[in-house]
Each structure stands twice: as C-alpha cells, then as structure tokens.
Amino acid sequence: MTHVIWFTGLSHYWLKPVYEEMMMAVPYGMRFAVDFDVVFPLGAFIVGEVIPVTEYQSQEDKARNRPVRPRIDEATGLPLYKVTVADPSAEKDRDKSITVEIASKVQPVPPATAGNLPFRPVVVEGLTVQPRAETSGQAKWITWVVRATGLRAVDAAPAKSTASKSAAA
C-alpha cells in the first residue's frame, strides 16, 4: 500500500491535505510476456550448456555434506535452469550475452550444433521479462530478469500450449 496525499482547495493558500490509500499500479514481481522477435530481432544463440540453478549453500552446509537443492520458480513452482544466450542485435558489448532462466519440469535440451560453430541458433519460448532494481554504492539502475518456458531449434515448430489446445476445441 502506498499513501497518497491529495491537496484540495481553491488556491494554494487554502490547501488541505486529504490522505488516501492506493494500491500500486504494478504488483511487485510482475512478469511481462514479450515476443521473442522483439527481444532478439536477429535471433539468439546458445553459448555453453543449460545448467540447473541451485539454492545458496553455506560453507557449513557444504562441510556437513548437505545436498544441493534446486531453486524453484516462485510463479510456477518448477525447477529453474539457466543458459547464456548471445544476442547479435545488441548495441553495447555488455548486452551481447544474457542469462535466461528457464522454468521446466525437466532440464531443457538445447538444439544440435550447426556445423562446426561454437554456438547454436535457438528460439526461446514463453519469454517473460521482469524489472529489478540494482544498486552499487550511490548508483542505481534497472536491470531485467529474462525467463522462459523452453527452447527449440530455429526450424522446429513451436510447442503447443494447453491454452491453445483448449481454445481450438
């Protein structure tokens, strides 16, 4: 909840504050669905492997040989995996590669390599972005958490979702 102060009156000499509670326009943790072609207009390429995202494990946990737990996506309840994706359309060097978190029941399998290239062209399905505030000392800026539901080869057909199946029936 945010407290908003509204001022009423005919002139600035007769302003009377009126306190009112309002809900924020965008709820915390809101994810925005975005089309793959908007984020990656020249396509995307996987660099490296798809790996599971794990919870933080303290030195004490490691010393006691406690098992490493997978990190679970708050919105879907599915385990998270991450992959580094190269973006050839990025204008700045720091934006040339990003990490995409994938929420999936099983670890996604990236498409096969094309020839002798060190990277693989890919289409990221179910793409969402979420703003996150970052700070370093006095500097503050907005970054984006990029999440997805799966990967597919560029020439493969898109996966059918249960929503599109039920709409077709």
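Residues numbered from 1 in each chain as written. Predicted model: local features only at pLDDT ≥ 70, side-chain atom pairs only at ≥ 80, totals over all residues. Heavy atoms only, no water.

**Concerning unusual backbone geometry**
- Its identity as a non-glycine residue notwithstanding, Asn65 has a phi of 55°, on the positive side.
- Mapped onto the elements, Asn65 comes out in the loop between helix H2 (59–63) and strand S5 (80–86).
- With a relative accessible area of 68%, Asn65 lands in the exposed category. (Helix = DSSP H or I, 4+ residues; strand = E, 2+ residues; numbered from the N terminus. Buried < 20%, exposed > 50% of the residue type's maximum accessible area, 1.4 Å probe, protein only.)

**Let's talk about the pattern of salt bridges**
- Inspection of the entire model under this criterion finds 10 salt bridges.
- For the salt bridge of Asp95 with Arg94, the shortest nitrogen-to-oxygen distance reads 3.9 Å.
- The partner of Arg147 in a salt bridge is Glu101, with the nearest N and O atoms 3.4 Å apart. Of this pair, Arg147 sits in strand S9 (residues 139–148) while Glu101 sits in strand S6 (residues 97–103), and the two are 46 residues apart along the sequence. (Salt bridge = Lys/Arg side-chain N within 4 Å of Asp/Glu carboxyl O.)

**Points about the nonpolar core**
- One finds Val83, Val100, Val124 and Leu151 to be the most contacted residues of the largest nonpolar core, which totals 18 residues.
- Residues contacting Val100, with those up to four places away along its chain left out, are Tyr81, Lys82, Val83, Val85, Val124, Val146, Arg147 and Ala148. (Core = buried A, V, L, I, M, F, W, Y, C linked by side-chain atoms within 4.5 Å. Contact = heavy atoms within 4.5 Å.)

**A word on the packing of aromatic side chains**
- According to the stated counting rule, one finds two aromatic pairs in the structure shown.
- Where Phe36 meets Phe40, the ring centres are 5.3 Å apart and the plane angle is 40°; that geometry is what we call tilted.
- For Phe36, a relative accessible area of 11% puts it in the buried group.
- A relative accessible area of 1% means that Phe40 is categorised as buried.
- Ring centres 5.2 Å apart and planes at 75° place the aromatic pair Phe45 and Phe119 in the edge-to-face group. Note that Phe45 is positioned in strand S4 (residues 44–52) and Phe119 in the loop between S6 and strand S7 (120–125), a separation of 74 residues in sequence. (Phe/Tyr/Trp six-rings, centres within 6.5 Å; stacked < 30°, edge-to-face > 60°.)

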